[in-house]
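Overview (structure and organization)
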Amino acid sequence: MKKYIKRFFVGTILCSLMTLGSEGSLRAQDLALSTNMLSYLNLGTMSGNISWGFSRHLSAEAAFRYNPFVFKGREGVADQMQSKQRAASLGMRFWPWHIHSGWWLHGKAQYQEFNIGGLTEAMTREGDRVGVGLTAGYTYMLSPHFNIEAGLGMWAGREWFTVYECPVCGKITDNGKKTFFLPDDILLGLVYVF
């Protein structure tokens, strides 16, 4: 099941990018690339977002987050710590005034593969999540091509997980599936508008 969900999101993102690239009527100021600067504080999580404004009030978006890093843990807590993840999402953003400017509301579908452990205790949790999210925020125009945006969001869905006693021991203490409701986007983004 998880394999098919991953393939769905990867295929949808690739199709979206090919459609954006082949669209002959795209105008300047319709496309934007952005990154969430705060995500890098989560042990180096890289993030990116591409959006296409197809009307004055709506933009379609595809985003990713990626963190492959493992760090030496704090002494006495864990041998290592990580906040590893691969996440992809597709969504729409509603702009009451105009795309790439002012207040906005963003809805999305998201898939995440995660491995988090050693941060506050030795326990490590890994698994997959699928869900939907809602984020609200504001975008401020710095210049014709650069914007800065801030936002806050939540997401909910289904999680398949395994809990280990420590990041390196491999001893399983719990596993299963459950419904989740988590904070998702704590956003301070830098945006380049084409």
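Conventions we followed
Residues numbered from 1 in each chain as written. Predicted model: local features only at pLDDT ≥ 70, side-chain atom pairs only at ≥ 80, totals over all residues. Heavy atoms only, no water. Helix = DSSP H or I, 4+ residues; strand = E, 2+ residues; numbered from the N terminus. Buried < 20%, exposed > 50% of the residue type's maximum accessible area, 1.4 Å probe, protein only. Contact = heavy atoms within 4.5 Å. Areas by Shrake-Rupley, 256 points an atom, 1.4 Å probe, with all protein chains shown as cover. Phe/Tyr/Trp six-rings, centres within 6.5 Å; stacked < 30°, edge-to-face > 60°. Lys NZ or Arg CZ within 6 Å of the ring centre and 35° of its normal.

With respect to the overall build of the protein chain
- When you go through the protein chain residue by residue, the secondary structure sums to 1 helix and 9 strands.
- Along the protein chain, helices (α) and strands (β) appear in the sequence α-β-β-β-β-β-β-β-β-β when read from the amino end.
- Going through the 194 residues of the protein chain one by one, you find that 40% of them count as buried.
- Counting contacts in the protein chain only where the partners sit at least 6 residues apart, residues at least 24 apart contribute 59% of the total.
- Total accessible area computed for the protein chain in this model is approximately 10,800 Å², and 65% of it derives from carbon and sulfur atoms.

Quick notes on unusual backbone geometry
- Its identity is not glycine, yet L43 carries a phi of approximately 55 degrees, on the positive side.
- Locating L43 in the fold gives a position in the loop between β1 (31-36) and β2 (46-53).
- The backbone of H100 sits at a positive phi, close to 65 degrees, despite the residue not being glycine.
- Locating H100 in the fold gives a position in the loop between β5 (80-94) and β6 (102-117).
- By relative accessible area, H100 is classed as buried at 7%.

What about the packing of aromatic side chains?
- Applying the stated criterion across every chain yields a total of 7 aromatic pairs.
- One aromatic cluster in this structure is built from F146, Y192 and F194.
- One Lys or Arg, R93, reaches over the ring of W104 and ends 3.8 Å from the middle of that ring.

Focus: the environment of K171
- One can find K171 in the loop between β8 (146-164) and β9 (172-193).
- Ignoring anything within four residues of it in the chain, the contact list for K171 reads V163, Y164 and E165.

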